[in-house]
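Each chain, letter by letter, is given below.
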Amino acid sequence: MKVKGIISEEKVTLPEMRSVLLGVESERIAAEKEMSYEFRRSIEHANQLAKTTPEKAKDLVAGLSKMEKMKPEIAYRIANIMPKTRDEVRAIFAKERYTLTPEEIDSIIELVTTHF
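Residues numbered from 1 in each chain as written. Predicted model: local features only at pLDDT ≥ 70, side-chain atom pairs only at ≥ 80, totals over all residues. Heavy atoms only, no water.

*Asks:* I'm lost on helix H2 (residues 37–49) in this one. Help?
*Replies:* It helps to recall that an α-helix has 3.6 residues per turn; residues three or four apart then point in one direction. Compared with an ideal rise of 1.5 Å per residue, which puts 13 residues at 18 Å, H2 spans 18 Å between its outermost C-alpha atoms and is within 8% of the ideal. For H2, the set of buried residues is Phe-39, Ile-43 and Ala-46. Down the axis, H2 shows its buried residues gathered within 65 degrees of arc, on one side only. Turned more than 90 degrees away from the buried face of H2, the exposed residues are Tyr-37, Glu-38 and Gln-48. Looking at the buried residues of H2, the elements they touch are helix H1 (14–30). (Helix = DSSP H or I, 4+ residues; strand = E, 2+ residues; numbered from the N terminus. Expected span 1.5 Å × (residues − 1). Buried < 20%, exposed > 50% of the residue type's maximum accessible area, 1.4 Å probe, protein only. Arc of directions from axis to C-beta. Contact = heavy atoms within 4.5 Å.)

Here you go:
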């Protein structure tokens, strides 16, 4: 399969991508089409790493986006990784030019645990 160009682009969380892939998989199974190796690996990857439902992931991104110092890319990264410790949150923010206070880190962890 060759891609000629990008029609549109939007950020999605891993649980959302998983639901899209499962929908495509069910369509291909119904049509008795063969699934490529890459597609099967993508589904396997999404199944292993998606830790919540698509609705909860969207709510988490919305909640994180309201926070100060939160970029959309980082909000989606947090929703995909679902960090549980301060060190994991610090690792996500490692490339940023600012550091988070312990209170900000705790509020991020609290948001993540409520959306598990």
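*Asks:* Looking at this structure, how should I read the side chain of His-115?
*Replies:* Examined against the element boundaries, His-115 turns out to sit in the segment after helix H6 (102–114). A distance of 2.8 Å separates the side chain of His-115 from the backbone oxygen of Leu-111, its partner in a polar contact. Not counting residues up to four positions away in its chain, the partners in contact with His-115 are Thr-52, Lys-56, Asp-59, Leu-60 and Met-82. (Polar contact = N/O pair within 3.5 Å; in protein donor to acceptor, adjacent residues only side chain to side chain.)

*Asks:* Explanation requested: the pattern of salt bridges in the structure shown.
*Replies:* Pairing between side chains becomes possible if they bear opposite charge and their charged atoms approach one another. By the definition in use, this model includes six salt bridges. Linking Arg-41 and Glu-44 is a salt bridge whose minimum nitrogen-to-oxygen distance equals 3.1 Å. Of the two residues, Arg-41 and Glu-44 are both situated in helix H2; the distance of three residues between them amounts to about one turn of the helix. Residue classification places Arg-41 among the partly exposed residues on the basis of a relative accessible area of 41%. For the salt bridge of Asp-87 with Arg-90, the shortest nitrogen-to-oxygen distance reads 2.9 Å. Of this pair, Asp-87 and Arg-90 both sit in helix H5 (residues 86–92), three residues apart, roughly one helical turn. (Salt bridge = Lys/Arg side-chain N within 4 Å of Asp/Glu carboxyl O.)

*Asks:* Got a minute to help me understand the packing of H1 against H2 in this structure?
*Replies:* Packed helix pairs are specified by the crossing angle of their axes together with the interaxial distance, meaning the distance between the axes. Axis separation between H1 and H2 bottoms out at 9 Å; the angle between their running directions is 140 degrees. When the axis of H1 is compared with that of H2, the two are oblique. Note that H1 runs across H2; the crossing there is left-handed. Between H1, through Leu-14, Arg-18, Leu-21, Leu-22, Val-24, Glu-25 and Arg-28, and H2, the contact on the second element is made entirely by Phe-39, Ser-42, Ile-43, Ala-46, Asn-47 and Leu-49. Here the contact of H1 with H2 is built from residues that sort into eight nonpolar, two polar and three charged. (Axes fitted to C-alpha atoms, helices over the stretch in contact; angles between N-to-C directions. Parallel < 35°, antiparallel > 145°, perpendicular 65-115°, else oblique. Left-handed = near helix turned anticlockwise from the far one by under 90°. Nonpolar A, V, L, I, M, F, W, Y, C, P; charged D, E, K, R; others polar.)

*Asks:* Explain the nonpolar core to me, please; I cannot follow it from the model alone.
*Replies:* The nonpolar side chains of a soluble globular protein tend to be buried with one another. By size, the foremost hydrophobic cluster in this structure holds 18 residues, and its most contacted members are Leu-64, Met-70, Ile-78, Val-89, Phe-93 and Ile-108. Mapped by element, the contributors of at least two residues to this core are helix H3 (54–65), helix H4 (72–81), H5 and H6. Counting six residues, the second-largest nonpolar core is a separate cluster that includes Leu-21, Met-35, Ile-43 and Ala-46. (Core = buried A, V, L, I, M, F, W, Y, C linked by side-chain atoms within 4.5 Å.)

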